[in-house]
Amino acid sequence: MPFPEGFLWGCSTAAYQVEGGNTGSNWAAWEAKKRLEPCGQAANSWEMWREDVRCLQELHANAYRFSVEWSRVCPHPGEFYDEALERYAAMARSLRLAGIRPIVCLHHFSEPAWLYERHPRGWLGEEPVEHFLRFVDRVVLALRGEVSEWVTFNEPLVWLMFGYGLGHWPPGLRHLFSLERTFLKDGLIDRVARAHREARRLIKSAQPEAKVGLAQNVADLEPARARVEDLQALQSWDRLVHGHLLDVLGSAGELDFLGLNYYTRIYVAASRLLPMGAMPGYGELEAAMGKPLFHLLGGRRGEGARTDMGWEVVPTGLGRVALRLWNAYKVPLLVTENGIADATGLRREDFLRDHLRSLAWAMGQGADVRGYLHWSLVDNYEWGSFTPRFGLYSVDRAKAFKRKPANGAKLYASIVKSNGAVL
Ligand code: FCB
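Just so it is clear, the structure is predicted and the values come from calculations on it, not from any experiment.

Q: Any chance you could explain the site of the ligand here in plain terms?
A: Taken together, 13 residues form the shell around the ligand, and within it Gln 17, His 108, Glu 155, Glu 337 and Glu 382 come nearest. The separation between an oxygen atom of the ligand and a polar side-chain atom of Gln 17 is 2.7 Å. Relative to its free-state accessible area of 290 Å², the ligand is covered by the protein chains to the extent of 96%. Residues that form the shell around the ligand fall into these classes: six nonpolar, four polar and three charged.

Q: Just to check I follow, could you spell out the pattern of salt bridges for this structure?
A: Opposite charge on two side chains allows them to pair when their charged atoms are near. Applying the stated criterion across every chain, the model contains 32 salt bridges. Its salt-bridge partner being Glu 146, residue Arg 93 comes within 2.9 Å of it at the nearest N-O pair. Within this pair, whereas Arg 93 is found in helix α5 (residues 82–97), its partner Glu 146 is found in the loop between α7 (127–143) and β4 (149–154), the two being separated by 53 residues in sequence. Close ionic contact of Arg 194 with Glu 198 constitutes a salt bridge, the shortest N to O distance being 3.2 Å. Linking Arg 194 with Glu 198, this pair stays in helix α10 (residues 188–206), spanning four residues, or about one helical turn. Linked by salt bridges that have partners in common, Glu 126, Glu 130, Arg 191, Arg 194 and Glu 198 make up one network.

Q: Would you explain the sheet that holds strand β3 (residues 101–107) in this entry?
A: By way of backbone hydrogen bonds, the strands of a sheet pair with one another, either parallel or antiparallel. With parallel pairing, the eight strands of this closed barrel are ordered in space as β1-β2-β3-β4-β5-β7-β10-β11. Adjacent strand axes in the sheet meet at a mean angle of 25°, parallel and antiparallel pairs treated alike. Across four bridges, β4 lies against strand β5 (residues 211–217) in parallel orientation. Residue Val 151 lies in a different strand from β5, and its bridge partner there is Gly 213. Packed on one face of the sheet, α5 meets β2 (63–67) and β3 and runs near 170° to β2.

What counts, and where the lines are drawn
- Each chain carries its own residue numbering, running from 1 in the written order of its sequence.
- Note on the predicted model: pLDDT of at least 70 is required for a residue's local features to be given, and 80 or more for side-chain atom pairs to be given and counted; whole-chain, interface and lining totals, by contrast, use all residues.
- Only hydrogens and water are set aside when side-chain values are computed; all heavy atoms of the structure are taken into account.
- Whether a residue is near a molecule or strand is decided by its heavy atoms; if any one of them lies within 4 Å of it, the residue is near.
- Polar contact is defined as a pair of N or O atoms within 3.5 Å, subject to the rule that within protein one atom must be able to donate a hydrogen and the other to accept it, and that residues adjacent in sequence are counted only when both atoms are side-chain atoms.
- Computed with a 1.4 Å probe, the accessible areas rest on the Shrake-Rupley method; for each residue, only the protein chains presented here act as cover.
- Lys, Arg, Asp and Glu make up the charged group, whereas Ala, Val, Leu, Ile, Met, Phe, Trp, Tyr, Cys and Pro make up the nonpolar group; the residues left over, Gly among them, are polar.
- Put simply, a salt bridge is a Lys or Arg side-chain nitrogen that is within 4 Å of an Asp or Glu carboxyl oxygen.
- Labels follow the DSSP assignment, with helices taken as runs of H or I lasting at least four residues and strands as runs of E lasting at least two, numbered in each case from the N terminus.
- Pairing between strands is defined by DSSP: at least two bridges between the two strands are required.
- Every angle, taken between N-to-C directions, lies between 0 and 180 degrees, and every axis is a line fitted to C-alpha atoms, over only the stretch in contact when it is a helix.
- Contacts were defined at the residue level, with two residues in contact if any of their heavy atoms lie within 4.5 Å.

Now the structure itself:
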């Protein structure tokens, strides 16, 4: 297996999904409004982060991506909470002392509730960019001695599509039928690109040697049928959810690395009735529309086995996507998420082996992949529910949040320890 020395092996988490107690987040307000299962104490990682470091050590990990919770660090506009920043710095320091490289994400979906109280249109206006940059500035000042790899945004298109397109996530805005205007033409994507560019400039001025990237969710897209129209629909969907942002940033040299979050394959069919002329076969869309309408509009789901999220398991897609991104942008890649919701844990070992073999294949074809971070270290709050179990460590929320290795943890530890030799 072609994993070079120094390959990064580890896990990813996100602050809101594991820390607990983030009552100032717009997600906490959303859960109450929509009567979703509340995130509450999540996995209690804000108190138990040392336990998380211990789990990472047990896995022999040498890298960990976590995020900083904006609403915790900045509970009111312009007001920063130094104690929170100090705790993040202590976390990063302990990780480094344990030989685990901290990779810090600055925006992972959750935002301060005050941002939307002040600016209900959110990122449809300019104001959030300035607030975000003030937050980034303080975080970098506090962590620059400990952290030199930064992810500005996690899956900006997933966040924007759910929050501003479908309206299923906060701020709950629906611009599904004006995707082109809202997202593409000097729209939301370009605003996020600007926030990334300026955040990167801030980071580099504080830490010239820092590496700054973003994490993009990239699905393995396939045409629903072997027809030119479906291929064209696929291309316009690809441009919207993957390509436009990467084209803007990649061609301007604004990415030191590209984080790849890979989970599944999506079939895309042509549809004159739908925005972008495309019917992308996401399970979430099928659930929102109902099966009959979904199929009437040409929606196709993959036939393979599915995870507890309903996502089709397509390991070869990881290699395909990695190779495609490498060939298109020639920017070093880091797999920043890949994992399986599997309450039984019985499918996690095969999932790991098959996806890592596929990644190794892409590397053998020349893709420059620097690491693999599994989603996730511990069971987490999955944006509305605790039911999906992604953790290599299960968390017993009724019993003091005790962490216990889940199926797959042992195998992952041996893969990591052998630098992929046992695959
Ligand atoms: C990704 C998100 C992450 C988690 C996984 C399962 O889209 O980045 O927060 O929810 O999916």
